[in-house]
Every structure is written in C-alpha cells, then in structure tokens.
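The chain contents come next:
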Amino acid sequence: MTAAEVADEIRRYLAGATGRPELLTVPASTPLFGRGVGLDSLTGTLLLRQIRERYGVDVAAEDLNLDSLASLASLAAFVAERVGASGASGASGGSGAS
Amino acid sequence: MTALVKCVVWDLDQTLLDGVYTESAVPPPPDPLLAGVLADLGSRGILHAIASKNPPSAAAHAARATGCAFAAAECGWGRKSEAVTRIAASLGLGLDALAFVDDDPYERAEVELALPQVLVLSPEDAADAGGWPEFRPPVVTAEARRRAELYAQRRRRQDSEREFAGPKEDFRRWAGTRISLGYAGPADLPRLHELAVRTHQLNSGEPPGSGAAAPGTGQWFLAALAAPGQDEITVRLRDRFGDDGLVGGCVTARDPAGAVTVRLLVMSCRAMGRGVVDALLAWLVRSAAREGARQLRVPCVISDRNVPLRLALTGAGFRADGFRADGGGTAGSTATFSREVTGPLPALPEGTSAPGEAGPGEAGPGAA
C-alpha cells in the first residue's frame, strides 16, 4: 500500500467523520492541526483509532510528539512505511514533512 | 442521581482472563486479582457482565472459571460501545450505572467517547476500584449530582451538531458557546479533585494516590491556592443547551528562570471537541507572555489513556524534549511538553473570557 493510497483513505475518513466533503480533495501537504484540517483532541483521537483499526498502526505509541500528524502527507507516509514493512509495496507519493 | 456503579462490564482476553482465549491450547485461567474484585463487588450487590470479541464459549468458560453468574454476556466482533449499550438495555439500567473494564486502550477510548456516561477503567484501575466512591455510596459534587441532566443536554447538543451544516466553529458560535477562565476559590476544590480522579483523557497527571499531599488531592489543590508564585485556574463552559459548570482547571507555578510550569491540568472528557482545552492552552501561553515568561512547560504522564491531551498539546505548538521517538514505545513515563511564549501569540477561541483578556467577543456575529 502506497502513501498516496493511505492519504486517500484518510481523506475519505476525515470527510466522513467531520461532515466536510471539501476534505476529499485537500492537498497532501495540508496541515492536520490548525488552519488545515482543524484536527482537535476529539477528532484526532477518532482518527488515530481508525488508523489503528484499519492498518494496525498505533501512531500515539510510536510517536511521542505526534510529528507524524504534521500533515496529511506525513501521516500517510508514517502509516505506509509500517504497513509496507509487513509485506506490501513500499511507501511513495507522500512528500513527508520534516 | 448517584454515580453508583450497578453493573461492571468486563472484557475477557488479558483482562478477566489471564491470556487470550482463542490463542490458548487450554482456556486461560481467570486473572487472580480481578477474580477477587469480581467476588468482592458481587458481595456488595453489584452485577457483572461480559463484552468480549470472542465466541460465546469464552463467556461460558469465564463463568465456570470464576464461579460468577454473569447477568449478561455479549460476544461478537462489533464495537464494544454497542455491546455495552445492549447490556444496559437488557438489564434495564442507565448507562451511568455501568462501568467497563478493558485492557485495550483503544476499546476504552471507543467506549469513553461513544458512551461518556459509562465509567471506563483499565484492569489496574479495576483492581482497586472497590475503594472508589462509584462502588460505594458516593460523596458527590453539584456537577456530579447533575450528571444525568448534563448528559441529556449533551444528547440534544450532539443531535443539533449533526444536523448543522458547516464547520465546527460555526456550530459553536451558533450554540453560543461561552468558555470562562478564572482563578479558583475554595469552593472549587472538591470539583477539581473530582476531575483529577475521574478524568483520564485530558489529564496531565496520574490519578491522585492515597497520600494527602499528592498532586490532585483536595489538600494539594488547597495548598496550591495559598502558595506564592502559583496560580490555580478554573474553566467553566456553557452554551444555549445548558451550563456544564466547572469542566476543568490547572495549577501553574512560575520560576525565577522565566518559565511557567503547569503542575497539573485536568479537563472533563464531556468538554472534548468543544474547544475548551484549546482555550485553556492558548490563554496559558498568552498569560505567561504577559508575565514576562519565556517558556511554558507541561510535564505530562505518557499513557495510552491521555492521547487526547497530547493531541491538544501538539496542536497548540508544544513539543516534548529529550524523548526518543524511535518506535521503542512511549508509555509509562513522563515527558515535558514545552512551548516558547515569544513571537506571535495564539488567539483565544471566540466566546472565551479570561483574566487579563478583553471581553468574550461580544461583537461576534451570531452572539445570542
């Protein structure tokens, strides 16, 4: 699974969970906090739960600072790397944030 | 209304059972400590039930192995919150009469978010829950006595929010959300202590221990009120649906080196998703800047349960120092999140009033 595919699934999840269809088409570089997606403690928790259920990746346990939540791209790359490590094709497509 | 627990809903794998049912050649034995809790609570007339992602034979095994007659059992692969809801309905109990015990932090978060009325516990919590007021005739604060009413308001708010088209900020504005920060007084201390005990998701500390002076106890909050160089902040929340009262607070301490440290921050999970923790963090940054501090620090226990607080801190620009994010696991330790308070300051959410700040955006569009 590529980072681009993960990013698309995250877009669909966020659009559904927040009722904001415009999130379906946001660029991968969009920040998840603040002015970008506007993630807060509640929607962030729901997103991390969804990622854990969908990909088996526990972001909060591996990433103290939650750097992976800097942008849609960085989160998708973080997830794809770990999913890829267990068999599927490697990560690509995300312009991972610093 | 009391917060008395009348039924405890138990997970099986690695909670009530000392192992994983489907992965064990021989069905795993009960956890000895929790089997004792089961019997102890049972003797006080508290019911037990099972919510397990296992075949029904696992529930039958648990009943045999513990000798406990479970009042209800839900075995299946759906959401635990749905299993808990069905159990409450089948027993004719309100959700606020239920506790839920699971070793999996995500299952706990799922139930806590979907069913905030339910008291959600880890196995460690459950092991000493017998001493908690929820399992004995409780001493309850005004907020706790009003819990049922507050949850009814919450349901009405959520229904409206679902029907409301537009961003969350617009809904909060329409709902007339008012967040009031202030300095705590003695009358606030029982509620602050209760929040320190009851809240898990937005709590920077551990549940207060038995030592009277431990952070989060009533005495600790009382001492902080009088301590020079320390401030005790309360957060209140209301909107057109109702008044949630005191939903959170924190204790801060200034040091001569120019840092403000948040010794403890607690916030009701009922307030989650309503901009309240964000308002508190933004105000703390602004207030520290007004006092001439350079840095705001939030020492925070890293646990699987307070991930929402870490999300709020990260979203507010805080960083944890000196911690390896190398995938080696982060649970069970303390990290200090910090943020420089120089440079552009965060804005307070609309409808927030706080010491040292202009009024709560009375000119805001749609203010009721």
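Structure: above.
The numbers attached to residues start from 1 for each chain and follow its sequence in the written order. Chain A is the first chain written and ligand 1 is the first ligand written, with later ones labelled in order. Totals for whole chains, interfaces and linings use all residues, but because this is a predicted model, local features are given only for residues with pLDDT of at least 70 and pairs of side-chain atoms are given and counted only at 80 or more. Side-chain measures here rest on the full set of heavy atoms in the structure, leaving out hydrogens and waters.

Enquirer: Looking at this structure, I do not really get the packing of aromatic side chains. What am I missing?
Expert: Aromatic rings considered in pairs are described by the distance between their centres and by the relative angle of their planes. The aromatic pairing rule takes the rings of Phe, Tyr and Trp, using the six-membered ring of Trp, and pairs them if the centres are within 6.5 Å, calling planes under 30 degrees apart stacked, those over 60 edge-to-face and the rest tilted. All chains considered together, the criterion is met by six aromatic pairs over all chains. With a centroid separation of 5.8 Å and 40° between ring planes, the pair formed by Phe164(B) and Trp174(B) is classed as tilted. You can see Phe164(B) sitting in the loop between α7 (147-163) and α8 (168-174) and its partner Trp174(B) sitting in helix α8, a full ten residues away along the chain. For the exposure calls, accessible area comes from a 1.4 Å probe over protein chains only, and a residue counts as buried if that area is under 20% of its type's maximum, exposed if over 50%, partly exposed in between. Among the residues examined, Phe164(B) registers a relative accessible area of 25% and is labelled partly exposed. Counting every residue linked through ring pairs, the aromatic cluster contains Phe164(B), Phe171(B), Trp174(B) and Phe241(B). The rule is short: NZ of Lys or CZ of Arg within 6 Å of the ring centre and within 35 degrees of the ring normal puts a charge over the ring. Taking NZ or CZ as reference, Arg82(A) lies 3.6 Å from the ring centre of Phe78(A), over its face. When the ring centre of Trp174(B) is taken as origin, the NZ or CZ atom of Arg240(B), which lies over that ring, is 4.1 Å away. Helical segments are the DSSP runs of H or I of at least four residues, strand segments are the runs of E of at least two, and each set is numbered from the N terminus.

Enquirer: Whenever I open this one, the pattern of salt bridges confuses me. Can you help?
Expert: It is possible for side chains bearing opposite charge to pair when their charged atoms get close. Residues and elements named next belong to chain B. Salt bridges, as used here, are contacts in which a Lys or Arg side-chain nitrogen is within 4 Å of a carboxyl oxygen on Asp or Glu. Under the definition given, this model contains 27 salt bridges over all chains. Among the salt bridges present, the one from lysine 53 reaches glutamate 107, with a minimum N-O distance of 2.8 Å. Placement of the pair is lysine 53 in the loop between β2 (47-52) and α2 (56-66) and glutamate 107 in helix α4 (residues 105-114), with a sequence separation of 54 residues. Accessibility expressed as a relative area gives 29% for lysine 53, which makes it partly exposed. The closest approach of N and O atoms between arginine 274 and aspartate 239, which form a salt bridge, is 3.1 Å. Separated by 35 residues along the polypeptide, arginine 274 in the loop between β10 (259-267) and α11 (276-290) and aspartate 239 in strand β8 (residues 230-239) bring together distant segments of the chain. Judged by its relative accessible area of 10%, aspartate 239 falls in the buried class.

Enquirer: Looking at this structure, I do not really get the environment of Pro355(B). What am I missing?
Expert: All names here are of chain B. Examined against the element boundaries, proline 355 turns out to sit in the segment after β14 (352-353). Note: C-alpha distance between proline 355 and leucine 181 (174 residues apart in sequence) is 6.9 Å. Note on contacts: a residue pair is in contact if any heavy atoms of the two residues lie within 4.5 Å. Residue contacts for proline 355: discarding those within four places in its chain leaves Leu181, Gly182, Tyr183, Trp283 and Arg290.

Enquirer: It is not clear to me how the sheet that holds strand β3 (residues 72-75) of chain B should be interpreted in this structure. Could you clarify?
Expert: In sheet architecture, strand pairing relies on hydrogen bonds along the backbone and comes in two forms, parallel and antiparallel. All names here are of chain B. Criterion used throughout: strands pair if DSSP finds at least two bridges between them. The strand order across the open sheet built from five strands is β3-β2-β1-β4-β5, with neighbouring strands paired in parallel fashion. Every other strand in the sheet has two partners, leaving β3 and β5 (119-121) as the edge strands with one partner each. Direction aside, neighbouring strands of the sheet carry axes that sit 20° apart on average. With three bridges joining them, strand β4 (residues 98-101) and β5 adopt parallel strand pairing. The partner of alanine 99 across the bridge, within β5, is leucine 119. Orientation is described by axes fitted as lines to C-alpha atoms, over the contacting stretch for helices, and by angles from 0 to 180 degrees between their N-to-C directions. The strands that helix α1 (residues 32-43) touches are β1 (7-10) and β2; relative to β1, the one it contacts most, it runs at about 160°.

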